[in-house]
Amino acid sequence: MNSTLQCLKAVPELRASLDALAANRPGAGDVPGALAETYRALDASTKPVEPARFVATLRAAFPQFAQRGRGGGFAQQDAEELYSTLLANLAAALTDAPPRGAANVVDGLFGLELEETLTCAESDAEPPVTRSDVARKLVCNIQGGTAGANVNHLAEGLKLALSGSLDKRSDALGRDATWAKTSRVSKLSPYLCVQFMRFYWKATPDSADHAGVKCKIMRPVSFNLALDVFDFCAPPLQAAIKANRDKYGAKVDAAALAAADAAARGEAAAAPAADAMDEGGDDDDDLKAALALSVEAPDGGGPDGAALLARSGLPPDFQGVYELFAVVTHKGRSADGGHYMGWVKQDGDKWLVFDDDLVSESDAEFVKNLKGGGDEHMSYLQFYRAKSGGN
């Protein structure tokens, strides 16, 4: 709970919405009220805070977090289950002034829309089926797929999780058939949560109780401090992102190089000339025309891809890149045990590590090594925020 709440605490828009709700309902005894109170207590103290009210409120609202283990103490719970349960509860409460027409504040900040296409693998006569779904996270499949499809990097696992197969009725065949499933993100969000699917349920038919056991995948899966989501997006989003890369990419990179060069020489970076940053005129007209052609709605209803960036709450110059700012790690070989810690980015390369009531400092290089492969802490939940431009 501590590791997850410390990561969510780094989302200022969520904090502001919780504070506004608490101000309108002082003393409310529900989960959002208790969470707002806990965050205020953390802000006001330089010493550990015991969140007794929040824990009691959470367990009363969701009894699964009050389960007891064999020894009589509270059983180990899953950080992702807490994340999903908590956000669902907050979404139901934070409905005042949601951003960009979202149903609630949570979905305005974390809500994704997925476009899922089902194609019958056994009959060309069966037309594809397209449907939409919503999610508040992306999943990294680290188990791999077919033989030899090992997952070594986050991008590979995300791509694998967005594809698969299922059994579904085929009218053309008159029976159930295998359908290939492909999903793409049709709407992004300012913040992005990624879950590494490290825990799974393994059947134990030869055991006395046949109950099965929770297992953990220890495989190392590397990641970068920035995540490019272009390959996971639906074509309209890709077109809008590409248009921004074509318009801003070279200029943003040039500005970054100039600043870095000036810093190396101990000089202040000169302000770029106006015409180098914004050519205006015909160039802008050409960009608008290109967007109108390349971001046309699938039904012929006109351009919609560029509007998706604004509807998603993304910067106008968004180029498909998210920055890692918080991580929940797990240490141990079982979901029923082990230890969670939270890692939250501060200024520059500095990170804070939340280990129960102990807080220490770390750096970006150490965070990049939380990829797994041994008995040390490994990334389980990652939190990203959209970056302006390509830097």
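Our structure is the block above this text.
Residues numbered from 1 in each chain as written. Predicted model: local features only at pLDDT ≥ 70, side-chain atom pairs only at ≥ 80, totals over all residues. Heavy atoms only, no water.

Draft legend 1. Spatial organisation of the packing of helix H3 (residues 31-44) against helix H5 (residues 79-93). Relative to each other, H3 and H5 sit at 105°, their axes nearing to 9 Å. Judged on the interaxial angle alone, H5 and H3 are roughly perpendicular. For the pair H3 and H5, the contacting residues are Val31, Pro32 and Leu35 in the first and Leu86, Asn89, Leu90 and Ala93 in the second. By residue class, the composition of the contact of H3 with H5 is six nonpolar, one polar and no charged. (Axes fitted to C-alpha atoms, helices over the stretch in contact; angles between N-to-C directions. Helix = DSSP H or I, 4+ residues; strand = E, 2+ residues; numbered from the N terminus. Parallel < 35°, antiparallel > 145°, perpendicular 65-115°, else oblique. Contact = heavy atoms within 4.5 Å. Nonpolar A, V, L, I, M, F, W, Y, C, P; charged D, E, K, R; others polar.)

Draft legend 2. Structural context of the sheet that holds strand S4 (residues 163-170). What the four strands build is an open sheet, ordered S2-S1-S5-S4; its pairing is antiparallel. Of all the strands in the sheet, the pair left with one neighbour each is strand S2 (129-135) and S4. On average, each strand axis in the sheet is inclined to that of its neighbour by 35°, with strand direction left out of account. Across eight bridges, the pairing between strand S1 (residues 112-120) and strand S5 (residues 175-187) is antiparallel. Across the sheet, Thr117 pairs through a bridge with Thr182, a residue of S5. (Pairing = 2+ DSSP bridges.)

Draft legend 3. Up close: the pattern of salt bridges. Counting across every chain of the model gives 16 salt bridges. Between Asp30 and Arg25 there is a salt bridge, and its shortest N-O distance comes to 2.8 Å. By relative accessible area, which is 25% here, Asp30 ends up partly exposed. Between Lys331 and Glu376 there is a salt bridge, with the nearest N and O atoms lying 3.8 Å from each other. Note that Lys331 is positioned in strand S10 (residues 321-331) and Glu376 in the loop between helix H12 (364-368) and strand S14 (378-386), a separation of 45 residues in sequence. Exposure remark for Lys331: the relative accessible area of 33% places this residue in the partly exposed category. Overlapping salt bridges bring together Lys9, Arg15 and Asp43 as one network. (Salt bridge = Lys/Arg side-chain N within 4 Å of Asp/Glu carboxyl O. Buried < 20%, exposed > 50% of the residue type's maximum accessible area, 1.4 Å probe, protein only.)

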